[in-house]
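# Geometric and topological summary
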Amino acid sequence: MDNLSDTLKKLKITAVDKTEDSLEGCLDCLLQALAQNNTETSEKIQASGILQLFASLLTPQSSCKAKVANIIAEVAKNDEGRSAVDQAGGAQIVIDHLRSLCSITDPANEKLLTVFCGMLMNYSNENDSLQAQLINMGVIPTLVKLLGIHCQNAALTEMCLVAFGNLAELESSKEQFASTNIAEELVKLFKKQIEHDKREMIFEVLAPLAENDAIKLQLVEAGLVECLLEIVQQKVDSDKEDDITELKTGSDLMVLLLLGDESMQKLFEGGKGSVFQRVLSWIPSNNHQLQLAGALAIANFARNDANCIHMVDNGIVEKLMDLLDRHVEDGNVTVQHAALSALRNLAIPVINKAKMLSAGVTEAVLKFLKSEMPPVQFKLLGTLRMLIDAQAEAAEQLGKNVKLVERLVEWCEAKDHAGVMGESNRLLSALIRHSKSKDVIKTIVQSGGIKHLVTMATSEHVIMQNEALVALALIAALELECLHKEVQDLAFLDVVSKLRSHENKSVAQQASLTEQRLTVES
C-alpha cells in the first residue's frame with residue numbers, strides 16, 4: 001500500500017500537468033489495486049482528495065476518461081464511496097457523459113458508455129437520496145433513450161435494467177418514467193428474450209413500474225399482456241424450477257396490471273375481450289398459481305357494477321364456487337382468499353345479490369366457517385355481509401344459524417386481527433338490521449352477541465356506530481325483554497347518552513332515537 005500512496009501523490013501532480021503517459025500508468029495502478037482490495041484502496045483514494053480532480057480528466061479530448069470513470073465506478077461500490085463520489089460531483093459527471101454519448105453508436109463510444117453506465121449502476125445502488133438526486137437531474141429520460149438506441153448491446157442493456165430497477169423503487173421516479181416510452185422499450189426488449197435470467201431482470205423493473213396506473217395502461221397498450229399470456233401457456237405444464245418461477249411472476253404481473261381502472265377496462269372489453277376469456281380459463285386449471293391468479297383477476301375485473309353484472313349473468317359465480325369446493329379440505333389458503341374476494345366484489349351490485357343467493361353462494365362460503373386463517377375469515381365475513389344487504393330472507397336464514405352466530409361472537413373478540421373483529425361486529429349488526437327478525441335477535445342474544453354490539457356503538461368509525469345503534473334500536477323494538485338485562489349490565493344507556501352529543505349528526509340522531517326507543521319500551 002506504500003506504492004499506492006506514492007501513486008496517488010504522483011497522480012495529483014500529473015492530473016494537473018495532464019501528462020498522458022504518466023496519467024495512464026497511475027490510473028492502471030489504481031485499477032489494479034482496486035481489483036485486489038476494493039475497500040482499502042477506495043478508502044485511500046477518498047482520503048487523498050484525488051476524486052475532486054477527476055472531473056478535469058473526463059474531457060472529450062482525454063484518452064484516459066474510460067479508466068477514470070472505471071475508478072469512480074469502483075469507488076462507488078459502497079456507501080462511503082458513493083458519498084465521496086457525490087461530494088466530487090458524481091451525479092453531474094455521470095449524467096453529462098451519458099447525455100453526450102448516448103446517441104453515438106460506434107463501438108468505441110459504446111465501450112465508454114458501458115463504463116459510465118456501470119458508474120451510474122453502482123452510484124445509484126441502495127441510496128435513496130442519491131437516487132432522488134439523479135431523478136431530479138433528469139437521468140430517467142436519458143437512460144430510456146439510451147436503451148432504445150443501444151438495445152442490441154447486451155452489456156449496456158443489462159446495466160440500464162439494473163439502474164432502472166434501482167430508480168423505480170422510488171415513488172418520485174414513476175412520473176418521470178410515465179412521461180417516457182419506457183413501456184414500449186421494455187416490452188420490445190422482453191419479446192426478444194428467451195433466457196430466463198434476462199426475462200427476470202426485466203420483470204424486476206416491470207413490477208415496481210406497474211404499480212403506477214399510467215404506466216399500467218402504457219404497458220397494456222404496448223402489448224405486455226400478450227407476452228405474459230404466452231409465458232403462462234408455455235410454462236403451465238412444466239415442473240422446472242425456472243419455469244414455475246416465471247409462471248408465477250408472469251401471472252402475478254398480469255393481476256397487478258388489472259389493478260388500474262383504465263387498464264382493467266381496456267382488457268375487459270365488455271366481457272368479450274380475449275384476455276378476459278383467457279383468464280377465465282385459469283380458474284378450472286389444476287395449477288394452484290393459475291387458480292390464484294384467475295380468481296384475483298376476476299376480483300379486479302369486478303370493480304364496477306357493469307362488469308359484475310355481466311360476469312354473474314355469464315356464469316362466473318359457478319366457476320368460483322367450483323374452485324372453492326376444490327379447496328375446502330386442507331385447501332390452498334391463498335386460493336380460498338382470492339375466490340372469496342371475487343365473490344364479495346361480485347355481490348356488491350343490488351341486482352346480483354338474489355342471483356348469487358339462488359346459486360348457493362352462502363352455502364359455499366359457510367363451508368369455510370371452520371377456517372383458522374384470518375385472511376379467509378375476513379373475506380368470508382365480507383362476502384356474507386354483502387350478500388344479505390337488503391335481503392331479509394337470507395339475513396334471517398343466516399341469523400338463525402347458531403354455528404355461524406357463535407363463530408361471529410368468537411371472532412368479535414379477535415383482538416389480534418382488527419379486520420376480522422370489525423367485520424364480525426358488522427355482520428352481527430347486519431343480520432339484525434336486514435332481517436328484523438325476533439328469532440335472529442334471540443339467537444344473537446343467547447350466543448352472547450349483545451355486548452359486542454354495545455362495544456361497536458363506541459367504535460371510532462362512524463359507520464360502525466350507526467350500524468350498531470340501529471341494530472340495538474331494533475332489538476329494543478322487537479325483543480326488549482332480551483335486551484333489558486344486557487343493557488343494565490353493560491351500562492348501555494350511559495353509552496347512548498354520551499353518543500347523543502357526538503360531533504357527527506347522524507350518530508347523534510341515531511343515539512337519540514335509540515335512547516327514546518329504550519326509554520319508551522321500558
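One structure accompanies this document, and this report is about it. Since the model is a prediction, treat every value here as computed from it, not as a measurement.

Next up on the list: the pattern of salt bridges. Counted by the stated rule, this structure contains 23 salt bridges. D28 is the salt-bridge partner of K67, the closest N and O atoms lying 2.9 Å from each other. Of this pair, K67 sits in helix α5 (residues 65-75) while D28 sits in helix α2 (residues 20-36), placing them 39 residues apart in sequence. Judged by its relative accessible area of 24%, K67 is partly exposed. Look at D28 and you get partly exposed, because its relative accessible area is 34%. Linking D325 and K367 is a salt bridge whose minimum nitrogen-to-oxygen distance equals 2.7 Å.

A few words now on the nonpolar core. Counting 172 residues, the largest nonpolar core has F54, F164, I298, F301, L320 and L346 as the members making the most contacts within it. Here this core takes nine residues from helix α8 (residues 107-123), the largest share from any one element. Once residues within four sequence positions are removed from consideration, L320 is found in contact with I283, A295, I298, A339, A342, L343 and L346.

With that settled, consider helix α20 (residues 288-301). For α20, spanning 14 residues, the distance from its first C-alpha to its last is 20 Å, which sits close to the expected 20 Å at 1.5 Å a residue. Counting buried residues along α20, 12 of its 14 residues qualify, which places the element largely inside the surrounding structure. Burial in α20 covers these residues: Q289, L290, Q291, L292, A293, G294, A295, A297, I298, A299, N300 and F301.

Quick look at the packing of aromatic side chains now. Scanning the entire structure with this criterion turns up five aromatic pairs. Judged by centre distance (5.6 Å) and plane angle (70°), the ring pair of F164 and F177 falls under edge-to-face. Taken as a pair, F164 in helix α11 (residues 154-168) and F177 in helix α12 (residues 171-178) lie far apart in primary sequence, 13 residues in all. Among the residues examined, F164 registers a relative accessible area of 0% and is labelled buried. Residue F177 is classed as buried on the basis of its relative accessible area, which comes to 0%. Here the aromatic rings of F276 and F301 are separated by 5.1 Å at their centres, their planes lie at 90°, and the arrangement is edge-to-face. In this pair, F276 sits in helix α19 (residues 274-282) while F301 sits in helix α20, placing the two residues 25 residues apart along the sequence. In this structure F276 comes out as buried when scored by relative accessible area, which is 3%.

Attention now moves to helix α23 (residues 333-346). Across its 14 residues, α23 extends 20 Å between first and last C-alpha, which sits within 8% of the 20 Å expected from 1.5 Å per residue. By the burial criterion, the buried members of α23 are V335, Q336, A338, A339, L340, S341, A342, L343, R344, N345 and L346. The inward-facing, buried residues of α23 contact α20, α21 (305-313), α22 (316-325), α24 (350-358), α25 (361-366) and α26 (374-388).

Right, let's get into the packing of helix α15 (residues 213-221) against helix α18 (residues 261-268). Between α15 and α18, whose axes approach to 7 Å, the crossing angle comes to 25°. In terms of axis orientation, α15 runs roughly parallel to α18. Here K216, L217, V220 and E221 of α15 lie close against α18, whose contacting residues are E262, S263, K266 and L267. Taken together, the residues of the contact of α15 with α18 break down into three nonpolar, one polar and four charged.

Remark: helix α10 (residues 139-149) packs on helix α13 (residues 182-192), axes separated minimally by 10 Å, with the N-to-C direction vectors making an angle of 35°. In this structure, α10 crosses over α13, and the sense of that crossing is left-handed. For the pair α10 and α13, the contacting residues are V144, L147 and G148 in the first and I182, E185, L186 and L189 in the second. A class-by-class count of the residues in the contact of α10 with α13 yields five nonpolar, one polar and one charged.

Now for the side chain of Q377. One can find Q377 in helix α26. Residues contacting Q377, with those up to four places away along its chain left out, are S371, E372, R407, W411 and V420.

Definitions and cut-offs
Residues numbered from 1 in each chain as written. Predicted model: local features only at pLDDT ≥ 70, side-chain atom pairs only at ≥ 80, totals over all residues. Heavy atoms only, no water. Salt bridge = Lys/Arg side-chain N within 4 Å of Asp/Glu carboxyl O. Helix = DSSP H or I, 4+ residues; strand = E, 2+ residues; numbered from the N terminus. Buried < 20%, exposed > 50% of the residue type's maximum accessible area, 1.4 Å probe, protein only. Core = buried A, V, L, I, M, F, W, Y, C linked by side-chain atoms within 4.5 Å. Contact = heavy atoms within 4.5 Å. Expected span 1.5 Å × (residues − 1). Phe/Tyr/Trp six-rings, centres within 6.5 Å; stacked < 30°, edge-to-face > 60°. Axes fitted to C-alpha atoms, helices over the stretch in contact; angles between N-to-C directions. Parallel < 35°, antiparallel > 145°, perpendicular 65-115°, else oblique. Nonpolar A, V, L, I, M, F, W, Y, C, P; charged D, E, K, R; others polar. Left-handed = near helix turned anticlockwise from the far one by under 90°.

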